[in-house]
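Residue-level listing of the chains:
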Amino acid sequence: MQQMWRYIGTFLFLTVCSVQDIGRKKISVTVPVLFAVLGIALDLWQQAYCAEYLPGIVLAGSTFLFAKVTQEQIGMGDGLVLLVLSLFLTGKELIAVFLTALIAAAVVSGVLLALKRAGRRSRLAFVPFLTAAFLLQWMLWRR
């Protein structure tokens, strides 16, 4: 039951961030901070161990570093979203969601390039891919 609430919280968080990412191409800091507080409160209530955060922190840190090195070809907001997700998902779940989102984004990018609907410098909102990947993974986890 507790895990279900984590997944519902994750879905709400990703949905709100997706709307922002699509509409404004930016994610406000307020939403991730609110959900981070919620995630930390859930972890304190469930007495989670800090070691469970490590894979998510490494993934988010890598994303922040990649954003800095590539002059934000991938946004800092994406790293912030991944960092907050590490409070709601296990490391294994987060990596599965991230890799699924990367594959989906690559496929969509390839199709857009092939149809000449986008160029090499075009920007795609990544958080909606995280949302879709989370929903797909959630269905697989429930089996």
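Scroll up a little and you will see the structure.
Residues take numbers from 1 onward in each chain, read along the sequence in its written order. Local features in this predicted model are restricted to residues of pLDDT 70 or higher, and side-chain atom pairs are both shown and tallied only at a pLDDT of 80 or more, whereas totals for entire chains, interfaces and linings draw on every residue. Side-chain numbers come from the whole structure's heavy atoms, not from hydrogens or water.

Chemist: Before we go on, may I ask you to explain the environment of tyrosine 7 in this structure?
Modeler: The way it works is that DSSP assigns letters per residue, a run of H or I at least four long becomes a helix, a run of E at least two long becomes a strand, and they are numbered from the N terminus. Relative to the elements of secondary structure, tyrosine 7 occurs in helix α1 (residues 2-24). Every residue pair with non-hydrogen atoms within 4.5 Å of one another is taken to be in contact. If near-sequence neighbours (up to four positions away) are discounted, tyrosine 7 is found in contact with Leu89, Glu93, Phe134, Trp138 and Trp141. A distance of 2.4 Å separates the side chain of tyrosine 7 from the side chain of glutamate 93, its partner in a polar contact. Here a polar contact is recorded for every N or O atom pair within 3.5 Å, except that within protein the pair must consist of a potential hydrogen donor and a potential acceptor, and residues adjacent in sequence are included only if both atoms are side-chain atoms.

Chemist: For this particular structure, what's the right way to read a nonpolar patch on the surface?
Modeler: Residues Ile103, Val107, Val111 and Leu115 make up a contiguous nonpolar surface patch of about 390 Å² in total accessible area. Its place among the elements puts isoleucine 103 in helix α5 (residues 91-114). Residue exposure (1.4 Å probe, protein chains only): buried if accessible area is under 20% of the type maximum, exposed if over 50%, otherwise partly exposed. Look at isoleucine 103 and you get exposed, because its relative accessible area is 56%. Nonpolar side chains (Val, Leu, Ile, Met, Phe, Trp, Tyr) are joined into patches within 5 Å and like charges within 9 Å, using only residues with over 30% relative accessible area and no salt bridge. Using a 1.4 Å probe, the Shrake-Rupley method yields the accessible areas, and only the shown protein chains count as cover for residues. Just to be clear on terms, a salt bridge is a Lys or Arg side-chain nitrogen sitting within 4 Å of an Asp or Glu carboxyl oxygen.

Chemist: Sorry if this is basic, but what is going on with the packing of α5 against helix α6 (residues 127-141) here?
Modeler: Angles shown run from 0 to 180 degrees and are taken between the N-to-C directions of axes, each axis being a line fitted to C-alpha atoms and, for helices, limited to the stretch in contact. Put simply, α5 and α6 touch, their axes get as near as 8 Å, and they point 125° apart. What the angle tells us is that α5 and α6 run oblique. Here the hand of the crossing between α5 and α6 comes out right-handed. Within the contact between the two elements, α5 uses Glu93, Ala96, Val97, Phe98, Thr100, Ala101, Ala104, Ala105 and Val108 and α6 uses Phe129, Leu130, Ala133, Phe134, Leu136, Gln137 and Trp141. Angle categories are assigned with fixed cut-offs, so that under 35 degrees is roughly parallel, over 145 is roughly antiparallel, 65 to 115 is roughly perpendicular, and the rest are oblique. A clockwise turn of the near helix away from the far one marks a right-handed crossing, whereas an anticlockwise turn of less than a right angle marks a left-handed crossing.

Chemist: I would appreciate a short explanation of the environment of isoleucine 74 in the present structure.
Modeler: Along the chain, isoleucine 74 falls in the loop between α3 (54-69) and α4 (76-88). For the pair isoleucine 74 and alanine 125, spaced 51 residues apart in the sequence, the C-alpha separation amounts to 9.2 Å. With residues near it in sequence (within four places) discarded, isoleucine 74 still touches Thr63, Phe66 and Ala67.

Chemist: What's the story with the packing of α3 against α4 in this structure? I'm lost.
Modeler: Between two packed helices, the angle of one axis relative to the other and the distance separating the axes together describe the packing. Contact geometry for α3 and α4: axes closest at 8 Å, N-to-C directions at 175°. Accordingly, the angle class assigned to the pair α3 and α4 is roughly antiparallel. For the pair formed by α3 and α4, the contact residues are Gly56, Ile57, Leu59, Ala60, Thr63, Phe64, Ala67 and Lys68 on the first element and Met76, Asp78, Gly79, Leu80, Leu82, Leu83 and Ser86 on the second. Each residue is assigned to one class: nonpolar for Ala, Val, Leu, Ile, Met, Phe, Trp, Tyr, Cys and Pro, charged for Asp, Glu, Lys and Arg, and polar for all the others, Gly among them. Broken down by class, the residue content of the contact of α3 with α4 amounts to nine nonpolar, four polar and two charged.

Chemist: I'm lost on the side chain of threonine 131 in this one. Help?
Modeler: Within the secondary structure layout, threonine 131 lies in helix α6. There is a polar contact of 2.6 Å between the side chain of threonine 131 and the side chain of serine 18. Non-local contacts of threonine 131, meaning those with residues more than four positions away in its chain, are made with Phe11, Leu14, Thr15 and Ser18.

Chemist: Help me understand unusual backbone geometry, please; the structure alone is not making it clear to me.
Modeler: For residues besides glycine, phi is generally negative; the peptide bonds are generally trans as well. Here the phi dihedral of lysine 25 falls at roughly 60°; this positive angle occurs in a residue that is not glycine. Residue placement: lysine 25 occurs in the loop between α1 and α2 (30-46). Here lysine 25 falls in the exposed class, since its relative accessible area comes to 51%. One non-glycine residue, lysine 116, lies in the positive phi region at around 60°. Summarising the element assignment, lysine 116 is placed in the loop between α5 and α6.

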